[in-house]
Amino acid sequence: MDLVIKNGTIVTATDMYEADIGIEGEKIVAIGKGLSGSKEIDANGMMVFPGFIDVHTHIEMPFMGTYSSDTWETGTRAAAFGGTTCVVDFIIQSKGGSLQAALDEWNKRATGNAYIDYGFHMGMTDINDDTLKEMETMILEEGIPSFKLFFAYKGSLMAEDDGFYKALEKAGEFGGLIMLHAENGHIIDLFTKRLLAEKKTEPMYHAVSRPSILEGEACQRAIALADLAEAPLYIVHNSCLEAVEAIHEGRERGLPIYGETCPQYLTLDEERYTEPDFNGAKYVMSPPLRSEFDQDALWFAIERGDLQVISTDHCPFFFKGQKEMGKDNFAKIPNGAPGIETRMAVMYTAGVLEDWITLNKFVELNSTNPAKMFGLFPQKGTIAVGSDADIVVFDPEKEVTLSAKNLHQNTDYTPWEGMIVKGYPVTVLSRGKIVIEDGKLAGEKGWGKFIKRDRFYPL
Ligand code: DUC
Ligand code: ZN
Ligand code: ZN
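Residues numbered from 1 in each chain as written. Chains lettered and ligands numbered in written order. Predicted model: local features only at pLDDT ≥ 70, side-chain atom pairs only at ≥ 80, totals over all residues. Heavy atoms only, no water.

Novice: Is there a simple way to think about the sheet that holds strand β10 (residues 117-123) in this case?
Specialist: Either a parallel or an antiparallel arrangement is found when strands of a sheet pair, and the pairing is made through backbone hydrogen bonds. Taken in spatial order, the eight strands make up an open sheet running β6-β9-β10-β11-β12-β13-β14-β15, and their pairing is parallel. The sheet is open, and its two edges are formed by β6 (52-57) and β15 (309-310), each paired on a single side. In this structure, strand β13 (residues 233-235) lies alongside strand β14 (residues 257-261), joined through three bridges in parallel fashion. Looking at the pairing, Leu 233 lines up with Ile 257 of β14. Lying on the sheet, helix α7 (residues 212-229) is in contact with β12 (177-181), β13 and β14; it crosses β13 at an angle near 170°. (Pairing = 2+ DSSP bridges. Helix = DSSP H or I, 4+ residues; strand = E, 2+ residues; numbered from the N terminus. Contact = heavy atoms within 4.5 Å. Axes fitted to C-alpha atoms, helices over the stretch in contact; angles between N-to-C directions.)

Novice: Please explain a negative patch on the surface as it appears in this structure.
Specialist: Side chains of Glu 270, Glu 271, Glu 292 and Asp 296 sit close together on the surface and give a patch of like negative charge. Relative to the elements of secondary structure, Glu 271 occurs in the loop between α9 (263-267) and α10 (292-304). Overall, Glu 271 belongs to the exposed group, its relative accessible area being 56%. (Patch = residues over 30% accessible without salt bridge, like charges linked within 9 Å, V, L, I, M, F, W, Y side chains within 5 Å. Areas by Shrake-Rupley, 256 points an atom, 1.4 Å probe, with all protein chains shown as cover. Salt bridge = Lys/Arg side-chain N within 4 Å of Asp/Glu carboxyl O. Lys, Arg positive; Asp, Glu negative; His and termini not counted. Charge placed at Lys NZ, Arg CZ, Asp CG, Glu CD. Buried < 20%, exposed > 50% of the residue type's maximum accessible area, 1.4 Å probe, protein only.)

Novice: Even after reading the chapter, I still don't get the coordination of the zinc ion (ligand 3), so can you show me in this structure?
Specialist: Ideal geometry at a metal centre: 109.5 degrees between donors when four sit tetrahedrally, and 90 or 180 degrees when six sit octahedrally. Around the zinc ion (ligand 3), the protein supplies His 56 (NE2), His 58 (NE2) and Asp 313 (OD) as donor atoms, at distances of 2.0 to 2.1 Å. In the primary sequence, the donor residues of the zinc ion (ligand 3) line up as H-x1-H-x254-D. The metal-metal distance between the zinc ion (ligand 3) and the zinc ion (ligand 2) is 3.5 Å. A residue pair is termed long-range when its members are at least 10 positions apart, and His 56 in strand β6 and Asp 313 in the loop between β15 and α11 (343-352) qualify at 257 residues. Of the two residues examined, His 56 and Asp 313, each falls in the buried class. (Donors = N, O, S within 2.8 Å, 3.2 Å for Na, K, Ca; no water.)

Below, the structure written as structure tokens:
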């Protein structure tokens, strides 16, 4: 065998056992005791996880008058350092443009630049007969079976109910999955204008302008429309009690409603917006950070199975020069925060070590369910003979103080600055190739390739 990972504790979504993993080329070919290979990695004392999958990233995305600051090179490299071996990024269609043109644009940026494998979702901002027809090609030919629509961002990305409904019907018919940013953009727009008229311009008013009730309302409306269209629905970046209550109620009725949340909503709260010297802008993202009470609601929703996935919504901007665009107007602060590199460390420390989730659940939420829901399983999302050798060797004892200085994301801050995490990825493989070795970069840009994904099957 080309490579053997020896003596580690393999953890999947369902099992935990000690064994060696044998790799030939890009695939896992054997799991057992006493394997040997031309190269061996000693994983004694380590946990060995399937590569983690981040199904919600915004890399090099044109947005709010600028671009998210990670390129395909820097973003996928940072992901690898953090234990992520596959990302699914959001293409954003230009208003008036075709889906194909948007795909071409994303391909141009990503091709030859990624350290790890990647797929695309199609973000639809213009729903008409042509783009509805193009959805079929995306699902059946391009390996892009998932489509993101926005109920927020009035005047730019926002979809209306009729367009959303037509997209649901199309996805339901052809094996696609609609993903929704659920916040009521009309009322947010109204509140934003009122706040600005009252000269309330600081970052904290970003949160005031988009209360959690507007997220709950958008979820309820979307779930009702998905029910009517007989289509599955996946709600992205859930942040609050109202959202997970709506999902719970839909699932209780037997509807194929799914949801994700992100580390920031589980570990950070709205107090951050009051940090002095415009620092609150670092946390301006949509939906905004909520209360500690909402954090508990999200953890319980994970426990109940109402949320199946943890992703990052990685959408980084520099504090200096980019977040500062909204110095005098919170509505001009580019929405988003970095997180592609810190997900696994934060979730292990705040989730596993705090007893909110088991080790198996940690793998299920961050690797196996993302793979299953987004047409990557069993090529990715587990450790099994025949699967891609996307593997993370994780040191459960390694302590790291998170800081923008030591991270590899292309930005000047992290929302978790100063957090001491215990447990960190040390060696990371992408399709059998070592990308990170003992915490150091060993991969190369261009290794990561586009993965055509399968149609949606209910979890
Ligand atoms: N929310 C963000 O915070 N950034 C990117 C897009 C989004 O929906
Ligand atoms: Zn969103
Ligand atoms: Zn997003």
